[in-house]
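Tertiary structure, described
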Amino acid sequence: SYGNIYITPAKPANVGLSFYSLDPYGNVRWQNSISSQYGEIITEPTINKYGETIIGGDDTLYCYKFDGSLIWKKSIAPYTAPLIVSDNDCNIYLTSWSNNNNKVIALSRQGETLWEFTIEDSFILQTPVLTDVNTLIVPSFRENFLYVMR
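Everything in this summary refers to the structure shown in the same document.

We now examine the side chain of Thr135. Among the structural elements, Thr135 can be located in the loop between β12 (129-130) and β13 (136-139). In this structure, Thr135 is in contact with Val129, Leu130, Val148, Met149 and Arg150, ignoring residues within four places of it in sequence.

Written out as structure tokens, the structure is:
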């Protein structure tokens, strides 16, 4: 990130959502609007080793180049997780939920779905954690379960 800062500030009334990149001195490098069905961004950005930034609105993921230009966007219905993670190969892992139908989703660097794993009757999956041996751990909210995927 070369010392750059990426933020998604709170949305003021009647103003659209934006994702900002600031230089180390706090100057705006670029700003992109993010559509959000329910009016709030619920993911924090993650940055891969090429400086590409991935962020999600309620139901869409966006991938931006270092200069702020859009590489791709992908619908993930209906929600994304509070955080997403990227591995050394720039694959992206996230959780998605809808009622009692929860998914763990893996995407390629290009935003193509690599695999999806459905977990039924589980109450909202939380942020995935990637270990140093490429094991994905996904905790569930208000349950005593950890899902471990290799």
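What follows is about the sheet that holds strand β3 (residues 28-34). Strand order in the open sheet formed by three strands is β1-β2-β3, with antiparallel pairing between adjacent strands. Strands with a single pairing partner mark the edges of an open sheet, and in this sheet they are β1 (5-7) and β3. Direction aside, the axes of adjacent strands within the sheet are offset by 15 degrees on average.

As a further point, take the pattern of salt bridges. With the rule as written, the count across this model stands at two salt bridges. With a closest N to O distance of 2.7 Å, Glu52 and Arg109 form a salt bridge. Separated by 57 residues along the polypeptide, Glu52 in the loop between β4 (46-47) and β5 (53-56) and Arg109 in the loop between β10 (101-107) and β11 (113-120) bring together distant segments of the chain. Assessed through its relative accessible area of 9%, Glu52 is described here as buried. Lys103 is the partner of Glu116 in a salt bridge, and the nearest nitrogen-oxygen pair spans 3.0 Å. Of this pair, Glu116 sits in strand β11 while Lys103 sits in strand β10, placing them 13 residues apart in sequence. Looking at Glu116, the relative accessible area reads 42%, which means it is partly exposed.

Definitions and limits used
Residues numbered from 1 in each chain as written. Predicted model: local features only at pLDDT ≥ 70, side-chain atom pairs only at ≥ 80, totals over all residues. Heavy atoms only, no water. Helix = DSSP H or I, 4+ residues; strand = E, 2+ residues; numbered from the N terminus. Contact = heavy atoms within 4.5 Å. Pairing = 2+ DSSP bridges. Axes fitted to C-alpha atoms, helices over the stretch in contact; angles between N-to-C directions. Salt bridge = Lys/Arg side-chain N within 4 Å of Asp/Glu carboxyl O. Buried < 20%, exposed > 50% of the residue type's maximum accessible area, 1.4 Å probe, protein only.

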